[in-house]
Amino acid sequence: MWVLMYVFSYSVSPAATNDKAEWRLLPTVVFQEFSNKQRCRAAKSALEGSLKEAGAKLKSGLEDLKTIGKADPAQIIIAYNVECLPK
């Protein structure tokens, strides 16, 4: 058995909001079991591609908001890690 571990987190710069609860990293950890290494790696590849695409869309949207003075992409930190681990 193999386990796909997916960790996602984000934080917002204190300069971007007055809500201190928003400043903290909010990690999400997900585990999913696979019967073999190849299936785990295929899922890892698909998930990484999806996360990269979502990040690019978010960055693009924030850049659009930045042009009108409503947001700054530098104020948000997004991190993720996807691993296939033997169980």
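How each quantity is defined
Residues numbered from 1 in each chain as written. Predicted model: local features only at pLDDT ≥ 70, side-chain atom pairs only at ≥ 80, totals over all residues. Heavy atoms only, no water. Pairing = 2+ DSSP bridges. Helix = DSSP H or I, 4+ residues; strand = E, 2+ residues; numbered from the N terminus. Axes fitted to C-alpha atoms, helices over the stretch in contact; angles between N-to-C directions. Contact = heavy atoms within 4.5 Å. Buried < 20%, exposed > 50% of the residue type's maximum accessible area, 1.4 Å probe, protein only.

Peer 1: How do you make sense of the sheet that holds strand β1 (residues 2-12) when you look at a structure like this?
Peer 2: Paired through backbone hydrogen bonds, the strands of a sheet run either parallel or antiparallel to each other. The antiparallel open sheet is built from three strands, whose spatial order is β2-β1-β3. Looking at which strands have only one partner, the edges of the open sheet turn out to be β2 (28-34) and β3 (76-86). Direction aside, the axes of adjacent strands within the sheet are offset by 10° on average. In this fold helix α1 (residues 37-67) packs onto β1, β2 and β3, with an angle of close to 175° to the strand it touches most, β3.

Peer 1: What is the right way to look at the environment of Arg 39 in this model?
Peer 2: Locating Arg 39 in the fold gives a position in helix α1. Classification of Arg 39 by relative accessible area gives exposed; the value is 53%.

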